[in-house]
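# Observations on the model geometry
Listed here are the chains, written in short residue letters.
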Amino acid sequence: MPPFVTSVLERALPYWGRRIHGFDDPAVCMTGVETRTSAPLRMGRNEERVSPTVGGFYPMGEGAGYAGGIMSAALDGAETAILCMAKYAKPN
Ligand SMILES: Cc1cc2nc3c(=O)[nH]c(=O)nc-3n(C[C@H](O)[C@H](O)[C@H](O)COP(=O)(O)OP(=O)(O)OC[C@H]3O[C@@H](n4cnc5c(N)ncnc54)[C@H](O)[C@@H]3O)c2cc1C
């Protein structure tokens, strides 16, 4: 990784070692960082979570730039689904 990344990691790992016991334990053989670099962009969406340029299109989850892992992807999808259900529910 380039120096601007490694220099931050050098400071970050001891920081997290102080916050989470064992995080920077010398016996750990590999430490991975989870980032949003799998989707280094974010599709636009309004407060109803609809794309402002493509009607009826709901950008969500990791590929759209709203999640960086399993939990955040699941929650973003669930929250969007709840909004859709409320919006398109048949009136009683
Ligand atoms: C090797 C690996 C390890 C990981 N480990 C972890 C971990 O330990 N913890 C963690 O929190 N996260 C982990 N992740 C990240 C996590 O898997 C993702 O953040 C999460 O799955 C994103 O969910 P998503 O629903 O947004 O996208 P995805 O799970 O990618 O779902 C997108 C879906 O859309 C479908 N699709 C794509 N294009 C189209 C199309 N044109 N038409 C119809 N369907 C389409 C795809 O087939 C896919 O089913 C890992 C990822 C990888 C690759």
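Preceding this section is the structure that the text describes.
Residues numbered from 1 in each chain as written. Predicted model: local features only at pLDDT ≥ 70, side-chain atom pairs only at ≥ 80, totals over all residues. Heavy atoms only, no water.

A few words on the pattern of salt bridges. This structure, assessed with the given rule, holds three salt bridges. Between R45 and D76 there is a salt bridge whose closest N-O contact spans 2.9 Å. Of this pair, R45 sits in the loop between α1 (3-19) and α2 (70-88) while D76 sits in helix α2, and the two are 31 residues apart along the sequence. Each of the two residues, R45 as well as D76, counts as buried. Of the charged contacts, one joins R49 and E79 as a salt bridge, the two residues approaching to 2.9 Å between their closest N and O atoms. Placement of the pair is R49 in the loop between α1 and α2 and E79 in helix α2, with a sequence separation of 30 residues. Classification of E79 as partly exposed rests on a relative accessible area of 40%. Salt bridges sharing partners connect three or more residues here, namely R45, R49, D76 and E79. (Salt bridge = Lys/Arg side-chain N within 4 Å of Asp/Glu carboxyl O. Helix = DSSP H or I, 4+ residues; strand = E, 2+ residues; numbered from the N terminus. Buried < 20%, exposed > 50% of the residue type's maximum accessible area, 1.4 Å probe, protein only.)

A separate point is the side chain of R49. In this structure R49 comes out as buried when scored by relative accessible area, which is 15%. There is a polar contact of 3.0 Å between the side chain of R49 and the side chain of D76. A polar side-chain atom of R49 sits 2.9 Å from a polar atom in the side chain of E79. Filtering out sequence-adjacent residues up to four positions away, R49 remains in contact with F57, Y58, P59, D76, E79, T80 and L83. (Polar contact = N/O pair within 3.5 Å; in protein donor to acceptor, adjacent residues only side chain to side chain. Contact = heavy atoms within 4.5 Å.)

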